[in-house]
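Structural characterization, general
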Amino acid sequence: MPTKDHAYLRRKGVAPGSNRQLGSLMLVPLVDGTRLVNVQTIATDGTKRFLKGGRKQGCYHPIGAFDTDRPLLICEGWATGMTLHAETGLAVACAMDAGNLMPVARYLRSRYPGASIIVACDNDHATVGNPGVTKGRAAAEAVGGRAIWPALDGIEGASDYNDLALLDREVAV
């Protein structure tokens, strides 16, 4: 059934989008660009898992209409993607983690060669090497895109555009 009221949605302050719900699990579909290939489940406490044996690399959750006349955003998590779409109206591909940014960016570049691609990185400022920014910048550079990230340095527990919105700060790309 469609997701209407889930604790994760309330905590993140986002709409359910096209997600469904099975019991207490919110279901986030992942596509390879043409078909459904996996599902991320999100429990009410925020625990996330993928279906065993399902494909993730190069797959994403699409939000909005992909239109090459407007920039295409790529981000890590689903709540971040929902926040970016709500604030900008742009289409978003949620790669689900930093390690998948490069494969998703390369796939989308091949599918939409003329698109302006912006990788909206997580700012993992509290993690050595800041993998969100490091991997996001590499993905953007590999496809001739641009990398951006929220200015959250020094704010404990905050790393992405959803966190920025929850702090009542402007989300701009």
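Values in this document were obtained by computation on a predicted structure and should not be read as measured data.

Description of the overall build of the protein chain
Across its full length, the protein chain carries 5 helices and 9 strands. Its C-alpha atoms give the protein chain a radius of gyration of 15 Å, within 12% of the compact-globule value 16 Å for 173 residues. Considering the protein chain as a whole, with its 173 residues, one finds that 47% of them fall into the buried category. The averaged location of the 17 negative side-chain charges in the protein chain is 8 Å from the averaged location of its 19 positive side-chain charges.

Considerations on the sheet that holds strand 4 (residues 48–50)
Pairing within the open sheet is antiparallel, and its 4 strands lie in the order 1-2-3-4. At either margin of the open sheet sits one strand with a lone partner, and together these are strand 1 (20–22) and strand 4. Across this sheet, the average inter-strand angle for adjacent strands is 35 degrees, counted without regard to direction.

Comments concerning the pairing of strand 3 (residues 36–42)
Side-chain positions along a regular strand alternate between the two faces of the sheet. Within strand 3, 6 of the 7 residues are buried, which leaves the element mostly enclosed by the surrounding structure. The turn linking strand 2 (residues 25–31) back onto strand 3 is made up of 4 residues, and glycine 33 within it adopts a positive phi angle of 105 degrees. Sheet topology note: the strand 3/strand 4 ladder contains 3 bridges and is antiparallel. From the neighbouring strand, isoleucine 42 faces strand 4, where its bridge partner is lysine 48. Adjacent in sequence and paired antiparallel, strand 3 and strand 4 are bridged by 5 residues, among which glycine 46 carries a positive phi angle near 95 degrees.

Some details on the sheet that holds strand 7 (residues 91–94)
Across the sheet, 5 strands lie side by side as 5-7-6-8-9; this open sheet has mixed pairing. Of all strands in the sheet, those with a lone pairing partner are strand 5 (61–63) and strand 9 (146–148), marking the two edges. Taking each pair of neighbouring strands and ignoring which way they run, the sheet shows an average axis angle of 25 degrees. Both strand 8 (residues 117–120) and strand 9 contribute to a ladder of 3 bridges, which runs parallel. Residue pairing for strand 9: valine 119 is matched across the bridge by alanine 147. Where helix 2 (residues 78–88) meets the sheet, its contacts fall on strand 5, strand 6 (72–75), strand 7 and strand 8, and the angle it forms with strand 7 comes to roughly 175 degrees.

Describing the state of the cysteines
Inspection of every chain in the model, using the stated rule, returns 0 disulfides. Free cysteine cysteine 59: the closest other cysteine sulfur is in cysteine 94, separated by 13 Å.

Cut-offs and rules
- Residues numbered from 1 in each chain as written.
- Predicted model: local features only at pLDDT ≥ 70, side-chain atom pairs only at ≥ 80, totals over all residues.
- Heavy atoms only, no water.
- Helix = DSSP H or I, 4+ residues; strand = E, 2+ residues; numbered from the N terminus.
- Rg over C-alpha atoms; globule rule 2.2 N^0.38 Å.
- Buried < 20%, exposed > 50% of the residue type's maximum accessible area, 1.4 Å probe, protein only.
- Lys, Arg positive; Asp, Glu negative; His and termini not counted.
- Charge placed at Lys NZ, Arg CZ, Asp CG, Glu CD.
- Pairing = 2+ DSSP bridges.
- Axes fitted to C-alpha atoms, helices over the stretch in contact; angles between N-to-C directions.
- Contact = heavy atoms within 4.5 Å.
- Disulfide = S-S within 2.5 Å.

Geometry only, nothing functional implied.
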